[in-house]
Amino acid sequence: MEKKELLYEGKAKKVYLTDDPDLVIVDYKDDATALNGLKKGTIQGKGPINNRMSNMLMEMLEKKGVPTHYAGQIDDRNTLVKRVEIVPLETIVRNVAAGSFSKRFGVAEGTPLKSPAVEFSYKSDALGDPFINSSQAIALGIATKEEIEKIEDIALKVNGYLIAFFKELRIDLIDFKIELGRYKGDIILADEISPDTCRFWEAGTWDTTKHTSYDKDRFRRDLGGVEDAYEEIFRRIGG
């Protein structure tokens, strides 16, 4: 399958049309952004790691019954995926307080939550991706009630499977964000699952102020060792 014209370029990926109207090619970049695009840089080797890691996890989730956009890896940076209409909501699942959640609710980072918390943000660079609740999303016509329910169901299933998967690798899944899309009348998992979109902490360190993270927080917070962190998480999943 060959790339045709560029369909879309985002912060971390380029999407190209193909000869098949139902399939597109995603090309992962090494570019890195944080703080709603205010911080920009490059994480050497990030593209191949995110591409291959996301594909491995998508394949695992497919086997568990989670519908995804994954259609086949082409090479280290390029993957064939189903062409979906992305629902303009970022779905965030949190297991342990961290990041903006801690700031908004005055809860110390590393505080375990009583149950997984599902949040949504409206995908809009112009508005800074504001948080939005399900009734607001329905009222604005962003998604239907049935779609929101399906999105939440998929998000919680993904959370359960990923928690168990990473626990075996001595990694705690603190939180993550996913995007979902409409495809032939269904809602399926799209975008990526990677250190760009998840918080991964060394098991047992989340209850301290010096947790070991293997994710984009190392870039976001100028912690150093960014490339090493991405390589370590990829090595643990068998990359």
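Above this text is the structure in question.
Report on the accompanying structure. (Residues numbered from 1 in each chain as written. Predicted model: local features only at pLDDT ≥ 70, side-chain atom pairs only at ≥ 80, totals over all residues. Heavy atoms only, no water.)

## Some words on unusual backbone geometry
Here is the rule we go by: The secondary structure listing takes helices from DSSP runs of H or I that are at least 4 residues long and strands from runs of E that are at least 2 residues long, numbered from the N terminus. Throughout, exposure labels follow a simple rule: accessible area from a 1.4 Å probe, protein chains only, divided by the maximum for the residue type, with under 20% read as buried, over 50% as exposed, and the rest as partly exposed.
A positive phi angle, close to 60°, is found at aspartate 191, a residue other than glycine. Tracing the backbone through its elements, the reader meets aspartate 191 in the loop between β13 (186-190) and β14 (198-202). By relative accessible area, aspartate 191 is classed as buried at 18%. Phi is positive for aspartate 222, which is not a glycine, with a value near 55°. For aspartate 222, the position within the fold is in the loop between α5 (217-220) and α6 (226-236).

## What to know about the pairing of β13
Our working rule: Criterion used throughout: strands pair if DSSP finds at least two bridges between them.
Taking burial as the measure, the five residues of β13 include four buried ones, the bulk of the element. As paired strands, strand β12 (residues 171-183) and β13 are joined by five bridges and run antiparallel to one another. Following the sheet pairing, arginine 182 is matched in β13 by isoleucine 187.

## Let's talk about the packing of helix α1 (residues 46-63) against helix α4 (residues 145-167)
The cut-off we apply is this: Comment: axis = line fitted to C-alpha atoms, over the contacting stretch for helices; angle = value between 0 and 180 degrees taken between N-to-C directions. Note on angle classes: values under 35 degrees are labelled roughly parallel, values over 145 roughly antiparallel, values of 65 to 115 roughly perpendicular, and the remainder oblique. Each crossing gets its handedness from the near helix: less than a right angle anticlockwise from the far helix is left-handed, clockwise is right-handed. In what follows, a contact means two residues having at least one pair of non-hydrogen atoms within 4.5 Å. Each residue gets one of three labels, nonpolar for Ala, Val, Leu, Ile, Met, Phe, Trp, Tyr, Cys and Pro, charged for Asp, Glu, Lys and Arg, and polar for the others, Gly among them.
It is at 11 Å that the axes of α1 and α4 come closest, and there the two elements cross at 115°. In terms of orientation, α1 lies roughly perpendicular with respect to α4. Here the hand of the crossing between α1 and α4 comes out right-handed. Contacts between α1 and α4 involve Met53, Leu57, Met60 and Leu61 from the first element and Val158, Tyr161, Leu162, Phe165 and Phe166 from the second. Residue composition of the contact of α1 with α4, grouped by class: nine nonpolar, no polar and no charged.

## Some thoughts on the sheet that holds strand β1 (residues 6-9)
Pairing is antiparallel in the open sheet, where five strands are placed in the order β1-β2-β3-β7-β6. The open sheet has two edge strands with one neighbour each: β1 and β6 (70-73). Averaged over all adjacent pairs, the angle separating strand axes in this sheet is 25°, with direction ignored. In terms of strand pairing, β6 meets strand β7 (residues 78-82) through three bridges, oriented antiparallel. Bridge pairing in β7 places tyrosine 70 opposite valine 81.

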